[in-house]
Amino acid sequence: MSEFMKPRAILAGLAISIAATLPAAAADMTLRGASLFDDDHAYTKTLRKFGELVNEYAGEEIEFDLRLNSELGIEPDYVNFLTQGVAIDYAIIAPSNLARFADSLPLMDMPFAFRDLDHWNTVLSSDVFAPLEDELREKADLVIVGYAGGGTRNLISNKKISNMAELEGHKMRVMGAPIQAKVFDAISAAPSAIAYSEVYNAIQTGVVDGLENESASLAQYKFYEVAPHVTLTKHSITVRPIVFSGKSFDKLSPELQEAVMKAGKEAGAFGRDFEATQDAEKLAEMTEAGNIEVHEFEGRDKLLELVLPVQDAYAAELGAEELLNAIRSK
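Quick notes on the rules
- Residues numbered from 1 in each chain as written.
- Predicted model: local features only at pLDDT ≥ 70, side-chain atom pairs only at ≥ 80, totals over all residues.
- Heavy atoms only, no water.
- Helix = DSSP H or I, 4+ residues; strand = E, 2+ residues; numbered from the N terminus.
- Buried < 20%, exposed > 50% of the residue type's maximum accessible area, 1.4 Å probe, protein only.
- Contact = heavy atoms within 4.5 Å.
- Areas by Shrake-Rupley, 256 points an atom, 1.4 Å probe, with all protein chains shown as cover.
- Lys, Arg positive; Asp, Glu negative; His and termini not counted.
- Charge placed at Lys NZ, Arg CZ, Asp CG, Glu CD.
- Phe/Tyr/Trp six-rings, centres within 6.5 Å; stacked < 30°, edge-to-face > 60°.
- Lys NZ or Arg CZ within 6 Å of the ring centre and 35° of its normal.
- Arc of directions from axis to C-beta.
- Pairing = 2+ DSSP bridges.
- 1 Å grid on protein atoms, 1.4 Å probe; cavity = no way out; pocket = protein on both sides within 12 Å on 5 of 7 lines; lining within 4 Å.
- Points joined across faces, edges and corners; volume = space filled by probe spheres on them.
- Nonpolar A, V, L, I, M, F, W, Y, C, P; charged D, E, K, R; others polar.
- Axes fitted to C-alpha atoms, helices over the stretch in contact; angles between N-to-C directions.
- Left-handed = near helix turned anticlockwise from the far one by under 90°.

**Q** Tell me about the overall build of the protein chain, and please be specific about residues and values.
**A** Helix and strand counts for the protein chain come out as 13 helices and nine strands. Reported as C-alpha extents along the three principal axes, the dimensions of the protein chain are approximately 95 × 45 × 30 Å. Per-residue burial over the protein chain gives 46% buried out of 330 residues. Within the protein chain, residue pairs in contact and separated by at least 24 positions form 75% of the contacts whose partners lie at least 6 positions apart. Accessible surface computed for the protein chain: about 15600 Å², of which carbon and sulfur atoms make up 52%. Of note, the protein chain has its 30 positive side-chain charges centred 2 Å away from the centre of its 52 negative side-chain charges.

**Q** Any details on the packing of aromatic side chains? Residues and values, ideally.
**A** The final tally for this structure, using the stated rule, is twelve aromatic pairs. Centre to centre, the rings of Phe-50 and Phe-244 are 6.4 Å apart; their planes meet at 70°, and the pair counts as edge-to-face. Linking Phe-50 in helix H2 (residues 42-58) with Phe-244 in strand S8 (residues 229-245), this pair joins segments that are 194 residues apart in sequence. For the pair shown, Phe-50 and Phe-244 are each scored as buried. These aromatic residues form a ring-pair network of at least three members: Phe-50, Phe-64, Tyr-90, Phe-244 and Phe-249. The side chain of Arg-272 reaches across the aromatic face of Trp-120, ending 5.9 Å from its centre.

**Q** Provide a residue-level description of helix H7 (residues 178-186), including the pertinent values.
**A** Residues Ile-179, Gln-180, Val-183 and Phe-184 constitute the buried set of H7. All buried residues of H7 lie within an arc of 125° about the axis, which places them on one face of the element. On its buried face, H7 is in contact with strand S4 (142-157), strand S5 (171-173), strand S6 (190-192), strand S7 (210-213), S8 and helix H12 (300-318). Just downstream of H7, Ser-188 is the residue with a positive phi angle, here 85°.

**Q** Outline the pairing of S8, supporting the account with residue identities and numerical values.
**A** In terms of burial, S8 is a largely internal element, 16 of the 17 residues being buried. Bridge analysis of strand S3 (residues 90-92) against S8 gives three bridges, and the strand direction is antiparallel. Pairing of Ala-91 across the sheet is with Val-243, part of S8. Bridge count for S4 against S8 is twelve bridges, and the pairing is antiparallel. Its bridge partner being in S8, Thr-152 is matched across the sheet by Ile-237. Pairing geometry for S8 and strand S9 (residues 293-296), over four bridges, is parallel. By the bridge assignment for S9, Leu-232 is matched with Glu-296.

**Q** Summarise empty space enclosed by the protein; cite the residues concerned and give the values.
**A** This model, assessed by the stated rule, comprises two cavities of 30 Å³ or more. Estimates place the volume of the largest cavity at around 50 Å³. Forming the walls of the largest cavity are Ala-34, Ser-35, Leu-36, Phe-37, Tyr-43, Leu-47, Glu-75, Tyr-78 and Ile-92. Those elements that place two or more of their residues in the lining of the largest cavity are H2 and helix H3 (75-84). Residue composition of the lining of the largest cavity, grouped by class: seven nonpolar, one polar and one charged. The volume enclosed by the second largest cavity comes to roughly 40 Å³.

**Q** Residue-level account of the packing of H2 against helix H11 (residues 254-288), with values.
**A** Working note: a packed helix pair is described by the angle between its axes plus the distance between those axes. At their nearest, the axes of H2 and H11 sit 8 Å apart, and the two run at 150° to each other. Judged by the sense of rotation from one axis to the other, the crossing of H2 with H11 is right-handed. Taken together, the residues of the contact of H2 with H11 break down into 14 nonpolar, four polar and five charged.

**Q** Lay out unusual backbone geometry with the relevant residues and their values.
**A** With a phi close to 55°, Lys-222 is a non-glycine residue in the positive phi region. Locating Lys-222 in the fold gives a position in the loop between helix H9 (215-220) and S8. Since its relative accessible area comes to 41%, Lys-222 is described here as partly exposed. Although it is not a glycine, Lys-234 sits at a positive phi angle of roughly 50°. Take Lys-234: it is sitting in strand S8.

See below:
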């Protein structure tokens, strides 16, 4: 090879090397999401599905940069980012972390708000929460594009509870929100708000006889070692809004906004089905392994009846009577 040809050959080789490291085609834009969990978690899978569906409906290539394992902080951080339109464009957020913007939002987490999974799914597939969505858009510049969730909360106890007589006086840990204690007091239990990190030892030492939670937490924290009885009160089913930054949303074309809304609704339905199925599977796995005994609750309708006055009073306190009636009517 001549001295003249050598530099040209070197440059050609560099060009090939650089081209090999570049993507075949650059995305038209990048949207960044955040998840507290790893790739196996239902929330992450839901957000992945959301990205896939947006690209399917958008007719343009969007890169979805989803950061996992709390890399970008925790949910209160996500809310701040989303309202400011910085760092992230979308995430799944618990209603409790959005409640400061809309007084009625805690109804989503209220025990016995939903009669069963079918009722829960019907409500989330409807426009019942449209007034809340409008309020969040106005006050926080947040856009709810869909609803995920699906973990069912039951009683977890160191003794069998299968009817009202066995439930009476049951010492149980509840979350700190006042509505939680009021509801379980109304159904004759004896609720206590203690730190979640102290629950295992509290059961072990007899401070409480149990708690209420989903199958995933029961398995993860091995509460079954001290509380092997699960009573299917099905008193709460999680609602997890898929939230998009309003500032990011407004930068999208009308066609892409439409794709985001359609994808969010379908991704939410996917997430609800996935998590509800996973929740039931985890309960079955622990039962088959001999870790837990599962009990139906005789006369569950009585529980629904007993909590009605508490729910009514809570809705009145929040100015959300109309919303509660809309949920019940579905």
